[in-house]
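# Observations on the three-dimensional arrangement
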Amino acid sequence: MAKTEYSYEERRKILLENRYLLTEEQSCEKWGISRYRLRKWKKILNYHYLIGNLREMALVALYNGSHTIPAIIDHLDYLNHARYTEDEVSELLNNLKAEGMAGEKDGRWFYARPQPDDGASFIF
């Protein structure tokens, strides 16, 4: 049975997934919501100005296949038009690794959080 109530933070994450990863149709299907509800949330949460924080954008970069620190720096620059240093990104990635959200092997980083079979979890 589809969930009917979502907290502010859950709605924000759904909208961020829609902004960075999924189409409107995919978001609605994944979360069992109507397009009307998604558009209503976009208006309420001021979607036009909604952006992820640095941690969330780094996860998007990893999820989308950026595996090296220079590639992640470029992806972050694309998402928020800020240029981070290798040290900043390295520290961020090590924090994500400590959380179990990222992994590293032979200098290549990857998104490490397994997705459940029902697909109903946030990448963040």
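Residue positions are given per chain, counted from 1 along the sequence in the order it is written. Per-residue local features of the predicted model are confined to residues with pLDDT of at least 70, and side-chain atom pairs are confined, for both listing and counting, to 80 or more; whole-chain, interface and lining totals are unaffected and use all residues. In computing side-chain properties, one takes all heavy atoms of the structure into account and sets aside hydrogens as well as water.

Further remarks concern the pairing of strand E2 (residues 108-111). Going residue by residue along E2, you find Trp109 and Tyr111 tucked away on one face and Arg108 and Phe110 left uncovered on the opposite face. Looking at chain direction, strand E1 (residues 102-105) and E2 are connected through four bridges and run antiparallel. When the bridges of E2 are listed, Ala102 appears paired with Tyr111. Connecting E1 to the next strand, E2, in antiparallel fashion are two residues, including Asp106 with a positive phi near 55°. Only protein chains enter the accessibility calculation, which uses a 1.4 Å probe; a residue whose area is less than 20% of its type maximum is buried, one above 50% is exposed, and one in between is partly exposed. Helix and strand assignments come from DSSP, with helices taken as H or I runs of at least 4 residues and strands as E runs of at least 2, each series counted from the N terminus. Here, any two strands with at least 2 DSSP bridges between them count as paired.

Another aspect to go through is the pattern of salt bridges. Any carboxyl oxygen of Asp or Glu that lies within 4 Å of a side-chain nitrogen of Lys or Arg is treated as forming a salt bridge with it. Under the criterion given, the structure shown has 11 salt bridges. Two residues, Glu24 and Lys42, come together in a salt bridge whose shortest N-O distance is 3.1 Å. Of the two residues, Glu24 sits in helix H2 (residues 24-31) while Lys42 sits in helix H3 (residues 35-44), which places them 18 residues apart along the sequence. Across this residue pair, the class does not change: Glu24 and Lys42 are buried. Between Arg35 and Glu25 there is a salt bridge whose closest N-O contact spans 3.7 Å. Residue Arg35 is located in helix H3, and its partner Glu25 is located in helix H2; the two are separated by 10 residues in the primary sequence. According to the relative accessible area criterion, Arg35 is partly exposed, its value standing at 38%. Within this structure, Glu24, Glu25, Arg35, Arg39 and Lys42 form a network of salt bridges that share partners.

This brings us to helix H1 (residues 8-20). When the terminal C-alpha atoms of H1 are compared, their 18 Å separation across 13 residues agrees well with the 18 Å that a helix rising 1.5 Å per residue should span. Those residues of H1 that sit buried are Glu10, Arg11, Arg12, Ile14, Leu15, Leu16, Glu17, Asn18 and Tyr20. To estimate how far a helix should extend, the number of its residues minus one is multiplied by 1.5 Å.

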